[in-house]
Amino acid sequence: MALALGTLQSVVEPAIPLLQRELGVSPAEGALVGNAVLVAGAVVAPVAGKLGDRYGGKRVLVGLMAVVAAGGLLAGLAPNLPVLLLGQVMQGVMVGALPLSFILVRKHLPAGESQAAIGLVVALFTGGGMVGTSIAGPVAEELSWHWMFALPTIVIIATTLAVTRLMPHDPPIKSDDRIDWPGVALLSGTLLVFMIGLVRVTSAGLSPLAAGVIAVVVAALATGWVVVERRAASPMVDLRMLAKPAVWHSCVLTFVITISSGMVIFLLPQLFAVSADGYGFGVSTTDIGLYLLPGAIVGAASDSAGGFAARRYGPRAVVIVSAVVTTATMIALASAHTAEWQLVLAKVLTAFAAGVGTTALLAGTATAVEAGDTGIATSLLVVTRVIGVAVGAQVGGAILDAAADPATGLPTESAFVTGFAVAGLVGALSLLVVRITKKGAQA
């Protein structure tokens, strides 16, 4: 199941340029395809464990997988962008299936075996991501892009049936904690209005008044979410934890790092796909996946490296190195992007930098708070990480749309230069945040 989930989640990244061509949509609209999964995951993950406790882990896991399967089938049959986005949103609940899997493993296996099993689940999910990156192109080109979603979904349906039949039932745990549905709705609304508004502003040429209205709506929804979370007896994200310097420092840094990472994740496949008649490479979806694969492998390895580096050198030192590597790589790429190896190397370096940086922050925060607050603090960082990547990808799409050639509607080379430069500047912002938060901690 974990292997199929990882595959389904990752098939989109190398195929976004192809999906834009097939569906006739702009880069900013294409970014929504990948971001729909992230947004759904950001709001489902914090409540998945509570649902499992209340109704039973197996029951909720099977229910979530049924939604994922339905979303995969819907995406596989989608005739247009809105239907594909709906399918992606439904698939996004797969993020909540992973923590539920960990809970069930711990319930049904002894301590020593459960640790090995959790490691296996994570490894399979990561491996599925690499499989998805590799097969997206061949499947889309030999069959059609619809099968990129359909094939992993068939495997998910089969494994869900196996789980239903073979996994022991676990009884629900009585709890007075309520599910924070208002918080879920407000966070979802904030993210969706922001991303769709960014698409409309950059691609539809909205008037300043209309853009201002969108900004006001986003601000109102975000404010409402904060108010609800602060007053909720059992919030989806305990914002009171942000009062702890170790947590809010890490959240700000994680958000900045992942915005830069999200921009890179989106921009590189777009540049690979631009026609070789101009400044691009005209690379097929299959080759895009192969070019992105080294970065995916290094990104997966960086998680363990980040935890080790944080223990040895401290999270701040790791974040500084991460920011320097990202900034230097993006500035170099803005100046030199005429060969495929330059883009492949940039992907590897930025994936490693983002992975070690965010993992170091996660590890540092987990040890800086009280043992009973570890789950709350780390879940807050995970949500921040997901939102940052989504915002970064959407900003990257907006930059390409804003600087598109009026005659062809395609991004100009200067748009990519701007995008890489902005990603580098955002990465450099981490250094400023580290300095400010260090002074605050000393004061």
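Residues numbered from 1 in each chain as written. Predicted model: local features only at pLDDT ≥ 70, side-chain atom pairs only at ≥ 80, totals over all residues. Heavy atoms only, no water.

Q: Pulling in residues and values, what's your account of the overall build of the chain?
A: The secondary structure content of the chain amounts to 16 helices and 0 strands. Taken across its 443 residues, the chain has 51% of its residues classed as buried. For the chain, contacts bridging at least 24 residues in sequence account for 81% of all contacts bridging at least 6. Accessible surface for the chain amounts to roughly 19,200 Å². Of this, 69% is attributable to carbon and sulfur atoms. (Helix = DSSP H or I, 4+ residues; strand = E, 2+ residues; numbered from the N terminus. Buried < 20%, exposed > 50% of the residue type's maximum accessible area, 1.4 Å probe, protein only. Contact = heavy atoms within 4.5 Å. Areas by Shrake-Rupley, 256 points an atom, 1.4 Å probe, with all protein chains shown as cover.)

Q: Would you mind going over a nonpolar patch on the surface in detail, with residue names and values included?
A: On the surface, a cluster of nonpolar side chains totalling about 380 Å² of accessible area is made up of Leu-143, Trp-147, Leu-151 and Ile-154. By secondary structure assignment, the location of Leu-143 is in the loop between helix 7 (111-142) and helix 8 (145-166). (Patch = residues over 30% accessible without salt bridge, like charges linked within 9 Å, V, L, I, M, F, W, Y side chains within 5 Å. Salt bridge = Lys/Arg side-chain N within 4 Å of Asp/Glu carboxyl O.)

Q: A description of the confidence of the model for the chain should follow, citing residues and the corresponding values.
A: Taken over all residues, the pLDDT of the chain has a mean of 82, while the share at 70 or more is 88%. Across the chain, helix 13 (residues 315-335) holds the top mean pLDDT of 92, while helix 6 (residues 94-108) sits lowest at 68. (pLDDT = per-residue confidence, 0-100.)

Q: Outline the nonpolar core, listing residues and values.
A: Ranked by size, the top nonpolar core spans 104 residues in total, and within it Leu-84, Trp-145, Met-148, Phe-149, Met-236 and Phe-420 carry the most contacts. Looking at which element gives the most residues to this core, the answer is helix 11 (residues 245-273), with 14 residues. The contact partners of Phe-149, leaving out residues within four places of it in the chain, are Leu-8, Val-11, Val-12, Gly-72, Ala-75, Gly-76, Leu-84, Gln-88 and Gln-91. Ranked by size, the runner-up nonpolar core spans 5 residues in total, among them Ala-309, Ala-310, Val-318 and Ala-360. (Core = buried A, V, L, I, M, F, W, Y, C linked by side-chain atoms within 4.5 Å.)

Q: Got a sec to walk through helix 4 (residues 57-77)? Specific residues and values, please.
A: Every α-helix winds through 3.6 residues per turn, so residues three or four apart in the chain are directed the same way. With 21 residues, helix 4 should cover 30 Å at 1.5 Å per step; its first-to-last C-alpha distance of 30 Å lies within 8% of that length. Regarding helix 4, the residues found buried are Gly-57, Lys-58, Val-60, Leu-61, Leu-64, Met-65, Val-68, Ala-69, Gly-71, Gly-72, Ala-75 and Gly-76. (Expected span 1.5 Å × (residues − 1).)

Q: Tell me what's going on with the packing of aromatic side chains, and back it up with residues and numbers.
A: Considering all chains together, one arrives at 5 aromatic pairs under this definition. Counting every residue linked through ring pairs, the aromatic cluster contains Phe-272, Phe-281 and Tyr-291. (Phe/Tyr/Trp six-rings, centres within 6.5 Å; stacked < 30°, edge-to-face > 60°.)

Q: Account for the environment of Ala-215, naming residues and giving values.
A: Along the polypeptide, Ala-215 turns up in helix 10 (residues 208-231). Ala-215 sits in the partly exposed class, given a relative accessible area of 47%. Residues Ala-215 and Val-193, 22 residues apart in the sequence, show an inter-C-alpha distance of 9.0 Å.

Q: Can you lay out the environment of Ala-97 for me, pointing to particular residues and giving the numbers?
A: Within the element layout of this structure, Ala-97 appears in helix 6. Residue classification places Ala-97 among the buried residues on the basis of a relative accessible area of 1%. Along the primary structure Ala-97 and Met-65 are separated by 32 residues, whereas in three dimensions their C-alpha atoms are 7.3 Å apart.

Q: Outline the side chain of Thr-285, supporting the account with residue identities and numerical values.
A: For Thr-285, the position within the fold is in helix 12 (residues 285-313). Taking the relative accessible area as the measure of exposure, Thr-285 reaches 3% and is therefore buried.

Q: Lay out the packing of helix 4 against helix 5 (residues 81-91) with the relevant residues and their values.
A: Remark: helix 4 packs on helix 5, axes separated minimally by 7 Å, with the N-to-C direction vectors making an angle of 160°. As the angle between them shows, helix 4 and helix 5 are arranged roughly antiparallel. The handedness of the crossing between helix 4 and helix 5 is left-handed. Touching Val-67, Val-68, Ala-70, Gly-71, Gly-72, Leu-74 and Ala-75 of helix 4 are Val-83, Leu-84, Leu-86, Gly-87, Met-90 and Gln-91, all from helix 5. (Axes fitted to C-alpha atoms, helices over the stretch in contact; angles between N-to-C directions. Parallel < 35°, antiparallel > 145°, perpendicular 65-115°, else oblique. Left-handed = near helix turned anticlockwise from the far one by under 90°.)

Q: So what's going on with the packing of helix 11 against helix 13? Which residues, and what values?
A: Taken N-terminus to C-terminus, the directions of helix 11 and helix 13 make an angle of 25°; their axes are 12 Å apart at the nearest point. Here helix 13 runs roughly parallel to helix 11, going by the angle between their axes. At the point where helix 11 passes helix 13, the crossing takes the left-handed sense. The segment helix 11 lies against helix 13, with His-249, Leu-253, Ile-257, Ser-260, Val-264 and Leu-268 engaging Arg-316, Val-319, Thr-326, Met-330 and Leu-333. For the contact of helix 11 with helix 13, the residue count by class is 7 nonpolar, 3 polar and 1 charged. (Nonpolar A, V, L, I, M, F, W, Y, C, P; charged D, E, K, R; others polar.)

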